[in-house]
Protein chains: 2
Amino acid sequence: EKPKEGRLAGLTTLKTLNKKQRFAVPWPICMTPESLKEWVAIESDSIQPLPHFRQEIFKMMDIAADKLRHLGAAVDSIDMGHQELPDGQNLPIPPILLAELGNDPKKPTVCFYGHLDVQPAKKEDGWHTDPFTLVEVDGKLYGRGATDNKGPVLAWINAVGAFQALNQDIPVNIKFIIEGMEEAGSVSLDELVKREKDRFFSNVDYIVISDNLWISKKKPALIYGTRGNIYFTVEVKCRDQDFHSGTFGGILNEPMADLVSLLGSLVDSSGHILIPGIYDNVAPLSEEEKKMYETIDLNLEEYQNNSQVERFLFDTKEEILMHLWRYPSLSIHGIEGAFHEPGAKTVIPAQVIGKFSIRLVPYMNISVVETQVKKYLEDIFSQRNSSNKLKVNMTLGVHPWIANIHDIQYIAARRAIKTVFGVDPDMIRDGSTIPIAKTFQDIIQKSVMMLPLGAVDDGEHSQNEKINRYNYIEGSKLFAAFFLEVAKMHS
Amino acid sequence: EKPKEGRLAGLTTLKTLNKKQRFAVPWPICMTPESLKEWVAIESDSIQPLPHFRQEIFKMMDIAADKLRHLGAAVDSIDMGHQELPDGQNLPIPPILLAELGNDPKKPTVCFYGHLDVQPAKKEDGWHTDPFTLVEVDGKLYGRGATDNKGPVLAWINAVGAFQALNQDIPVNIKFIIEGMEEAGSVSLDELVKREKDRFFSNVDYIVISDNLWISKKKPALIYGTRGNIYFTVEVKCRDQDFHSGTFGGILNEPMADLVSLLGSLVDSSGHILIPGIYDNVAPLSEEEKKMYETIDLNLEEYQNNSQVERFLFDTKEEILMHLWRYPSLSIHGIEGAFHEPGAKTVIPAQVIGKFSIRLVPYMNISVVETQVKKYLEDIFSQRNSSNKLKVNMTLGVHPWIANIHDIQYIAARRAIKTVFGVDPDMIRDGSTIPIAKTFQDIIQKSVMMLPLGAVDDGEHSQNEKINRYNYIEGSKLFAAFFLEVAKMHS
């Protein structure tokens, strides 16, 4: 059965909500995806470093600024200067929007972070429809950026607009920080957040990010953690120039033999990391946490089929999710400097760089792990008595992020979800490293929450990205319900 | 002191030779490098697959055919058809020259193999002089192909010409097989040798190759063996598409972890190969062989300095040479399918192919080693209980070659060296895999000898390739002396 369109869909759900009498926002407006259609049409690709795409992002930020002004917000479009690319090209960085609506000291201030740039998309990559034309098929709104992250930004605007359209008081002060370079690594965002810490962010109580997905197709989720990442290079060097294995094979400590031995000592075949002490600071598993994992809606068979993996290291939903979210993992990515092409080459690479990284979890400490890794590899290497030179470097260290799920805004969000969707959310984490939450937490030192709207099958970053009409509309309601709940609890 | 030029240099040495009364070839002619200059000027590059270079090789083969005809030889320039390259290009293969001079059933027939194609060379690669202009500096004749292999081919022709110029009977029947595709893998040579086995090669007694170098700058050498090579790919596959380590790190048997563990189990840090049984068929070290290693002229300190290696696996000249020549070695070349570029990428490669090869020595057997390697890797992999798929393939197998140093032509060459250079040669091998000797040995089933003329510092394949004037001239004499010795011993 096709869901009902526009106003009607909103009104139908409104009745249900009113019956429950949990809060009093009706949904007569803002519920058609017209604005989303207009926004998806802009190819605001931040990955391809071409002037044309940058112009599109600028256009996107302008339209969003207008939309926010139309909402009555005071909008600052902050010029972030230029970016020099590795190829020497100089491109302008799209502005970051800082917007605020309401300044009532009796109300809590909720700041929403979102981004309006998108991943590249081309019809010929396997899209069934034009990626920059929002098309609805069976209740799914297909288009690049529909779920990542234009849809959620508009849902937040919808929520604010609904209160206004009905002349109802918005129960919270609203702030927005909207960028246009997230997919390209949030160029210059940190800088701005630091700069605005004591001005724009000074009265912010809660920060909400809606840039992830549920773990289910149907059941909403709240995200309270992301893994960090610490990236290492392991260089083993004999000399600059490669050798020929006919001429030198047999009398050398070959760097590749040293390196595979080092890399092979990092993790065992059950995925257990062999670096002494590495698990020491991993948070112990509490009973409350254990129970949260049990209630999560994950169809293991479907998950396995979708991933095309014959067998995982673990058999149960709980073990799998814990090893993706709350335990560290180590992955070997590759080797630089060795023979990597098809075919056969009898080279003895003279200088090779292995690369691996460890996904960090609370409460692992970057510098402690760095020391443990270096000491371990140096010990193993010295046991080999090789004449080569070893250099281990940490090239990247991003902290894990974890929120306190008993914070007011988490409780408020759980209540709002129960109101709008009728269920308790999955309390989940994201195994990836998303520095933004930790950045806000560290700089602004306020509670950060990830409140996703999209379903697990939305395909962010892939072909045929979509957001369900249901998720878009109920998500808009969810944000409004959240305003009411958080205001109630905050006072 | 600069060596004397041309005729005079020849005549001076002649006197010495005559005094010893070991044989009676005077050296009035052929001793200037005029022909070498003409040949080096032709850019007969077989590596770069361009029509222009192929034309140069054709030109080179034509000039050589004329030179051989001028010597009185009957020359067949055999059309070897076309070659289809991986990029679809179709290029003509240069002809192979089969030449013969003399057909006296009372004389032995000595066949010389050589090639007239060269490695690429460009002035800007670091040549001090134009690579295709033969230039003499301090007794060194610089130019691409001077030592590899145009110089030695001309030295053989010089030796024949010397007998003729003096109206002396050539004591052996002479044959030549000269190709133009050696650097590119001797395209179609095998085919011709097989085809001519019962015709051109039917009366050949000895095959001489002069396409290597001495191990010393001063002391001549005879080469009686080359290592073989067996190349393996080890594929570990989870699925087609790579994973993101944030999304899947922690729950997978990661192919790279499996692969580095497999590759790390092949060889220990002292260079010892860990595959059970692999040393079983390696020839035991005889007392005679041991003594030969002791007399070899290798300045270990200089060798080590030149190689820019801080420390070898072995401390003595004998151990180092034995591990380059008469013991197998295993080298890991690289990994295909993993992250190999500079920078940091958090990929979990889903399908990776490790590559390694083993240099084979007498009397290791390719199919025995293949079975040992596959069984060993499959055992190790099955102990890991990984859900990935393993595929081990042998992609190349070339036999080692060893000659009987008590064969007539080896004894003859040792005597000729003693006559011309006044010393016993280093009896050496080549650690590289040069299939040609084994090919001739297997197909024609006659004694094959490598009789190098060039010094260790000739820089074949590198910038500033050269042959010493001394080596070129004395080498020409050496060949003539060899004709006399082999004829004497053969009868």
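Cut-offs and rules
- Residues numbered from 1 in each chain as written.
- Chains lettered and ligands numbered in written order.
- Predicted model: local features only at pLDDT ≥ 70, side-chain atom pairs only at ≥ 80, totals over all residues.
- Heavy atoms only, no water.
- UniProt positions renumbered as here; feature names shortened; annotations may be inferred.
- Pairing = 2+ DSSP bridges.
- Helix = DSSP H or I, 4+ residues; strand = E, 2+ residues; numbered from the N terminus.
- Axes fitted to C-alpha atoms, helices over the stretch in contact; angles between N-to-C directions.
- Contact = heavy atoms within 4.5 Å.
- Buried area = accessible area lost by both parts, 1.4 Å probe.
- Salt bridge = Lys/Arg side-chain N within 4 Å of Asp/Glu carboxyl O.
- Nonpolar A, V, L, I, M, F, W, Y, C, P; charged D, E, K, R; others polar.
- Least-squares fit on C-alpha atoms with pLDDT ≥ 70 in both.
- Core = buried A, V, L, I, M, F, W, Y, C linked by side-chain atoms within 4.5 Å.
- Buried < 20%, exposed > 50% of the residue type's maximum accessible area, 1.4 Å probe, protein only.
- Arc of directions from axis to C-beta.
- Polar contact = N/O pair within 3.5 Å; in protein donor to acceptor, adjacent residues only side chain to side chain.
- Domains from an automatic or database assignment.
- Phe/Tyr/Trp six-rings, centres within 6.5 Å; stacked < 30°, edge-to-face > 60°.
- Lys NZ or Arg CZ within 6 Å of the ring centre and 35° of its normal.
- Lys, Arg positive; Asp, Glu negative; His and termini not counted.
- Parallel < 35°, antiparallel > 145°, perpendicular 65-115°, else oblique.
- Left-handed = near helix turned anticlockwise from the far one by under 90°.

- You'll find chain A entered in an unreviewed UniProt entry as Carnosine dipeptidase 1, with Vombatus ursinus given as the organism.
- As recorded by UniProt, the Subunit (unreviewed entry) comment attached to chain A reads in full: "Homodimer."

### So, the sheet that holds strand 13 (residues 329-336) of chain B
Residue and element names in this part refer to chain B.
So, step 1. Read from one edge to the other, the open sheet built from four strands follows the order 13-15-11-16, with strand pairing classed as antiparallel. Looking at which strands have only one partner, the edges of the open sheet turn out to be strand 13 and strand 16 (389-398). Neighbour-to-neighbour, the strand axes of the sheet open up by a mean angle of 20 degrees, direction not taken into account.
So, step 2. Here strand 13 pairs with strand 15 (residues 351-360) via seven bridges, running antiparallel. Residue pairing for strand 15: serine 331 is matched across the bridge by serine 357.

### Concerning the interface of chain B and chain A
So, step 1. In this assembly, 68 residues from chain B lie in contact with 68 residues from chain A.
So, step 2. Across the interface of chain B and chain A, roughly 5,400 Å² is buried in total on both sides, 53% from carbon and sulfur atoms.
So, step 3. Counting the surface chain B buries against chain A, the share from its top three residues, Ile251(B), Arg311(B) and His333(B), is 12%.
So, step 4. The interface formed by chain B and chain A includes two salt bridges.
So, step 5. Lys389(A) serves as the salt-bridge partner of Glu310(B), at 3.2 Å between the closest nitrogen and oxygen.
So, step 6. Counted by class, the side of chain B that touches chain A contains 28 nonpolar, 27 polar and 13 charged residues.

### Observations regarding the relation of the copies chain B and chain A
So, step 1. When chain B is fitted to chain A, the best match, at an RMSD of 0.2 Å, comes from turning it 180 degrees and sliding it 0.1 Å along the axis. A rotation of that kind, with that shift, is consistent with a two-fold axis. Among all residues of chain B, the minimum C-alpha distance to the rotation axis is found for Val260(B), at 2.5 Å.
So, step 2. Of the interface residues in chain B, 100% have counterparts in chain A that sit at the interface too, so the contact is made through matching surfaces.

### With respect to the nonpolar core
General note: in soluble globular proteins, nonpolar side chains tend to be found buried as a group.
So, step 1. One finds Trp156(B), Phe176(B), Ile177(B), Phe440(B) and Phe482(B) to be the most contacted residues of the largest nonpolar core, which totals 117 residues.
So, step 2. When near neighbours in sequence (up to four residues on either side) are disregarded, Phe482(B) contacts Val110(B), Trp156(B), Val208(B), Gln409(B), Ala412(B), Ala413(B), Ala416(B) and Met449(B).
So, step 3. Counting residues in each nonpolar core, the second largest holds 115 residues, with Phe200(A), Ile215(A), Met427(A) and Tyr472(A) among its members.

### Here's the deal with helix 8 (residues 287-295) of chain B
Count 3.6 residues to each turn of an α-helix, and residues three or four apart come out pointing the same way.
All names here are of chain B.
So, step 1. Burial in helix 8 covers these residues: Glu289, Met292 and Tyr293. The buried residues of helix 8 occupy an angular sector of 100 degrees when the element is viewed end-on, so they sit on one face. The exposed residues of helix 8 that point more than 90 degrees off its buried face are Glu287, Lys291 and Thr295.
So, step 2. Summarising the contacts, the buried residues of helix 8 are in contact with strand 10 (221-226), helix 10 (317-325) and strand 18 (426-430).

### Details of the sheet that holds strand 6 (residues 135-137) of chain B
All names here are of chain B.
So, step 1. Overall, antiparallel pairing links the three strands, which are arranged 6-7-20 in an open sheet. Of all the strands in the sheet, the pair left with one neighbour each is strand 6 and strand 20 (466-468). When the angles between neighbouring strand axes are averaged without regard to direction, this sheet yields 30 degrees.
So, step 2. Against the sheet, helix 14 (residues 469-490) engages strand 6, strand 7 (140-142) and strand 20, with an angle of about 65 degrees to strand 20.

### Overview of the pairing of strand 11 (residues 228-237) of chain A
Residue and element names in this part refer to chain A.
So, step 1. Most of strand 11 is tucked away, with nine of its 10 residues classed as buried.
So, step 2. By the bridge criterion, 10 bridges tie strand 11 to strand 15 (residues 351-360) in an arrangement that is antiparallel. If you follow tyrosine 231 over to strand 15, its bridge partner there is serine 357.
So, step 3. The pairing of strand 11 with strand 16 (residues 389-398) spans nine bridges and is classified as antiparallel. By the bridge assignment, glutamate 235 is partnered in strand 16 with lysine 391.

### Looking at the side chain of Lys438(A)
All names here are of chain A.
So, step 1. Mapped onto the secondary structure, lysine 438 falls in helix 13 (residues 435-444).
So, step 2. By relative accessible area, lysine 438 is classed as buried at 19%.
So, step 3. The residues touching lysine 438, leaving out its near neighbours within four places in the chain, are His399, Pro400 and Trp401.

### Let's talk about the UniProt feature "binding site: Mn(2+) 2" (unreviewed entry) in chain A
Residue and element names in this part refer to chain A.
So, step 1. Within this numbering scheme, the UniProt entry marks His115, Asp148 and Asp211 as carrying the feature "binding site: Mn(2+) 2" (unreviewed entry). The greatest C-alpha distance among the residues just named is 8.3 Å, despite their covering 97 residues of sequence, which places them together in space.
So, step 2. Its place among the elements puts aspartate 148 in helix 4 (residues 146-165).
So, step 3. In terms of polar contacts, aspartate 148 uses its side chain to reach the side chain of histidine 115, at 3.0 Å.
So, step 4. Tracing the backbone through its elements, the reader meets aspartate 211 in the loop between strand 9 (206-209) and strand 10 (221-226).
So, step 5. Among all residues touching aspartate 211, those that are not within four sequence positions of it are His115, Asp148, Asn149, Glu182 and Glu460.

### Section: the domain arrangement of chain A
Residues and elements named next belong to chain A.
So, step 1. The domain architecture assigned to chain A consists of domain 1 (6-226 + 400-490) and domain 2 (228-282 + 327-398).
So, step 2. Once you take the C-alpha centre of each, domain 1 and domain 2 turn out to be 40 Å apart.
So, step 3. Taken together, the contacts link eight residues of domain 1 with nine residues of domain 2.
So, step 4. Across the domain 1 to domain 2 interface the summed buried area is about 620 Å²; carbon plus sulfur atoms make up 67%.

### A word on helix 5 (residues 189-196) of chain A
Residue and element names in this part refer to chain A.
So, step 1. Within helix 5 the residues assigned to the buried category are Leu189, Leu192, Val193 and Glu196. Projected down its long axis, helix 5 carries its buried residues within an arc of 100 degrees, all on one side.
So, step 2. Summarising the contacts, the buried residues of helix 5 are in contact with strand 1 (74-78), strand 4 (96-101), strand 5 (109-115), strand 8 (173-179) and helix 13.

### A look at the pattern of salt bridges
All names here are of chain A.
So, step 1. Counted according to the given criterion, the structure contains 48 salt bridges over all chains.
So, step 2. One salt bridge connects lysine 106 with aspartate 104, and the closest N-O pair in it is separated by 3.7 Å.
So, step 3. Taking relative accessible area as the criterion, aspartate 104 reaches 21% and is therefore assigned partly exposed.
So, step 4. One salt-bridge network, held together by shared partners, links Asp76, Glu196 and Arg199.

### Notes on the packing of aromatic side chains
So, step 1. Within this structure, the stated rule accounts for 32 aromatic pairs over all chains.
So, step 2. Seen from their ring centres, Phe232(B) and Phe356(B) are 5.2 Å apart, and the 20 degrees between their planes marks the pair as stacked. Linking Phe232(B) in strand 11 (residues 228-237) with Phe356(B) in strand 15, this pair joins segments that are 124 residues apart in sequence. Both residues of the pair, Phe232(B) and Phe356(B), belong to the buried class.
So, step 3. Aromatic rings pair up to connect Phe112(A), Trp156(A), Phe163(A), Phe176(A), Phe479(A) and Phe483(A) into one cluster.
So, step 4. Above the plane of the ring of Phe248(A) lies Arg239(A), whose end atom (NZ or CZ) is 5.5 Å from the centre.
So, step 5. Arg326(A) extends its terminal NZ or CZ atom over the ring of Tyr327(A), reaching a point 5.0 Å from the ring centre.

### What about the side chain of Asp211(B)?
So, step 1. We note that Asp211(B) is buried and unpaired, the nearest opposite charge coming from Arg144(B) at a distance of 11 Å.
So, step 2. At 3.3 Å, the side chain of Asp211(B) and the side chain of His115(B) are in polar contact.

### So, the environment of Met60(B)
All names here are of chain B.
So, step 1. Here methionine 60 shows up in helix 3 (residues 51-70).
So, step 2. Assessed through its relative accessible area of 0%, methionine 60 is described here as buried.
So, step 3. Along the sequence, methionine 60 and alanine 41 sit 19 residues apart, while their C-alpha atoms lie 9.6 Å from each other.
So, step 4. In contact with methionine 60, other than residues within four places in its own chain, are Trp39, Ile42, Ser44, Leu116 and Lys150.

### Brief notes about the packing of helix 7 (residues 255-264) of chain A against helix 11 (residues 366-384) of chain A
Residues and elements named next belong to chain A.
So, step 1. Running from amino to carboxyl end, helix 7 crosses helix 11 at an angle of 135 degrees, the nearest separation of the two axes being 10 Å. By the criterion of interaxial angle, the relationship of helix 7 to helix 11 is oblique. The two elements helix 7 and helix 11 cross, and the hand of that crossing is right-handed. Contacts between helix 7 and helix 11 involve Ala257, Asp258, Ser261 and Leu262 from the former and Leu377, Ile380, Phe381 and Arg384 from the latter.
So, step 2. A class-by-class count of the residues in the contact of helix 7 with helix 11 yields five nonpolar, one polar and two charged.

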